[in-house]
Amino acid sequence: MNKCVYVHKYNGVPFYVGKGTLDRAYKLEKSKRNSSGTSRGSCYSKFVENCNFNIEVEILYTCLSDELATELEIKIYDDIIA
């Protein structure tokens, strides 16, 4: 019950929906270690770097199980990104 669901925004517009710990939500750069669980891919990293890391993090839900966080992440993605 320590997962959260969050969005990353640029200029107020959501561009990424994620789930994980609060630490992960605020970690914007791509991890150099794949095993750290913070790697979001090269497209994400390039976008964030091009924005000079000027990204807003909005925590939508906290204290979730992994299963519920996954369900909410998919629903929110479908509602605001896709």
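Residues numbered from 1 in each chain as written. Predicted model: local features only at pLDDT ≥ 70, side-chain atom pairs only at ≥ 80, totals over all residues. Heavy atoms only, no water.

Visitor: Looking at this structure, how should I read the sheet that holds strand β1 (residues 3-10)?
Guide: Within a sheet, neighbouring strands are paired by backbone hydrogen bonds and run either parallel or antiparallel to one another. Taken in spatial order, the three strands make up an open sheet running β2-β1-β3, and their pairing is antiparallel. This sheet does not close on itself; its edge strands, each paired only once, are β2 (13-20) and β3 (56-64). For this sheet, the mean angle separating the axes of adjacent strands, direction not counted, is 15°. Pairing of β1 with β3 involves six bridges; the strand directions are antiparallel. Following the sheet pairing, K9 is matched in β3 by E56. On the sheet, helix α2 (residues 42-50) packs against β1 and β2 and is oriented at approximately 130° with respect to β2. Seen against the sheet, helix α3 (residues 66-80) touches β1, β2 and β3 and runs at an angle of roughly 165° to β2. (Pairing = 2+ DSSP bridges. Helix = DSSP H or I, 4+ residues; strand = E, 2+ residues; numbered from the N terminus. Axes fitted to C-alpha atoms, helices over the stretch in contact; angles between N-to-C directions. Contact = heavy atoms within 4.5 Å.)

Visitor: Just to check I follow, could you spell out the environment of D66 for this structure?
Guide: Here D66 lies in helix α3. Relative accessible area serves as the criterion here: at 34%, D66 is assigned to the partly exposed category. Measuring from C-alpha to C-alpha, the distance between D66 and C4 comes to 8.6 Å, with 62 residues separating the pair along the chain. The contact partners of D66, leaving out residues within four places of it in the chain, are K3 and K19. A distance of 2.6 Å separates polar atoms of two side chains, one belonging to D66 and the other to K19. (Buried < 20%, exposed > 50% of the residue type's maximum accessible area, 1.4 Å probe, protein only. Polar contact = N/O pair within 3.5 Å; in protein donor to acceptor, adjacent residues only side chain to side chain.)

Visitor: In this structure, what is going on with unusual backbone geometry? I would like to understand it.
Guide: Excluding glycine, a negative phi dihedral is what most residues carry, and trans is how most peptide bonds are arranged. With a phi angle near 60°, F53 is a residue other than glycine that sits in the positive phi range. Structurally, the position occupied by F53 is in the loop between α2 and β3. Look at C63: it is not a glycine, yet its phi comes out positive at around 60°. By the secondary structure assignment, C63 is in strand β3. Given the relative accessible area of 55%, C63 is considered exposed.

Visitor: Please clarify how the nonpolar core should be interpreted in this entry.
Guide: Soluble globular proteins tend to bury their nonpolar side chains together. Within the largest apolar cluster, ten residues are counted, these being C4, Y6, Y16, A25, L28, Y44, V48, C51, I55 and V57. Of all the secondary-structure elements, those providing two or more residues to this core are β1 and α2. The contacts of Y16, once residues within four sequence positions are left out, are Y6, V7, H8, R24, R40, Y44 and I81. Within the second largest apolar cluster, seven residues are counted, among which are V7, A69, L72 and I76. (Core = buried A, V, L, I, M, F, W, Y, C linked by side-chain atoms within 4.5 Å.)

By themselves, these are just geometric observations and shouldn't be taken as functional.
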